[in-house]
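# Analysis of the macromolecular model
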Amino acid sequence: MKINKWGKTILIAALAGIVAAGLAGCGKKADGDRAATGGKRVINVAYTNYYVPYDFVNANGEADGFEVAVMKEVAKKLPQYEFKFTPTSDDDLLIGVESGKYQVGTKGIWKTDARMKKYVFPKNYIGASVIGLVIRKDTAQQIKDMDSFAAFSGKLVPIAPQDARYMVIENYNKAHSDRPIQLKSSEAFQIADAYSWVMEGRYDGYLEVELSYKNNIEKADAPYHQFADALTYLRYKGIPTYPLFNKKEQQLADDYDKAIQELRDEGKIAELEQQYFGESMSQYISE
């Protein structure tokens, strides 16, 4: 189909009008969003809906947990923003923050090299997660800590290289090259297998987050409570946990850093740790 000179002019003008109208519509939507929040920028905060006591939905259907509570206190320090909290799954949180669906996400996250390539990590951690060894009770007299475990045998249940726990042992071995722990990589396996392998003597330790051990074995209604008579837990150290920010949200991460430092200096973080954990988890971090 041929379009004469005047037809081309009219067509270009019409297309320009459509684009301009679309941009104006986007501008009006953004202006409308800010107007609805008193001029504040809306920050979508994703959190896992089950990770008690870090991040969860409580019995009243409300966003709750230590990290959620800290982020709510951060929001009070940043009046230029309005934080909206969305409960979700692990996968949606990670994919959503990376894509920009959420500006920030929190789920007891450890810093790893792989994650640092995808997200912005703030300078200041939000909390801590305690990591340690699941061992047999009949070896508890010989194994008192990570060093004595290495001396006893160092036979650790293998860890997937992409798992943040792999880096924990890798760092330990770098600092204890004279007596390292046996760090072997693995594919995914059922957690019940790890417990069974330790009980059978195939391995002498399994590196696990303390909260997972409590939920899996220690509690009376835990799914593997039958192992409680044979296994026990030794704390190793605290691992800092961080909120994740989208790659375009460096300014937001900087604002978070300023707010979280003020909250820590004021004693608010310590107060919330007592409320949710009954102790200071940060005291176990050795950086």
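A short tour of the structure in this document, coming up. Just so it is clear, the structure is predicted and the values come from calculations on it, not from any experiment.

Attention now goes to unusual backbone geometry. In the segment running from valine 52 into proline 53, the intervening peptide bond is cis, with an omega of 0°. Here proline 53 shows up in the loop between β2 (50–51) and β3 (55–57).

Turning our attention to helix α2 (residues 66–77). For α2, spanning 12 residues, the distance from its first C-alpha to its last is 17 Å, which sits close to the expected 16 Å at 1.5 Å a residue. With 9 of its 12 residues buried, α2 lies for the most part within the structure. All of the buried residues in α2 are Phe66, Glu67, Val68, Ala69, Val70, Met71, Glu73, Val74 and Ala75.

Next up on the list: the nonpolar core. The nonpolar side chains of a soluble globular protein tend to be buried with one another. In this structure, Met146, Leu156, Ile181 and Leu207 are the most contacted members of the largest nonpolar core, which totals 37 residues. Of all the secondary-structure elements, those providing two or more residues to this core are α3 (90–99), β7 (127–136), α5 (146–152), α6 (164–175), β8 (206–209) and β9 (231–245). Inspection of this core shows a minimum of three residues originating in each of domain 1 (41–128 + 239–281) and domain 2 (129–238). In contact with isoleucine 181, not counting residues within four places along its chain, are Met146, Phe149, Ala150, Gly154, Leu156, Ile169, Tyr172 and Asn173. Phe66, Ala253, Tyr256 and Ala259 belong to the second largest nonpolar core, which has 24 residues in total.

How each quantity is defined
- Residues numbered from 1 in each chain as written.
- Predicted model: local features only at pLDDT ≥ 70, side-chain atom pairs only at ≥ 80, totals over all residues.
- Heavy atoms only, no water.
- Helix = DSSP H or I, 4+ residues; strand = E, 2+ residues; numbered from the N terminus.
- Expected span 1.5 Å × (residues − 1).
- Buried < 20%, exposed > 50% of the residue type's maximum accessible area, 1.4 Å probe, protein only.
- Core = buried A, V, L, I, M, F, W, Y, C linked by side-chain atoms within 4.5 Å.
- Domains from an automatic or database assignment.
- Contact = heavy atoms within 4.5 Å.

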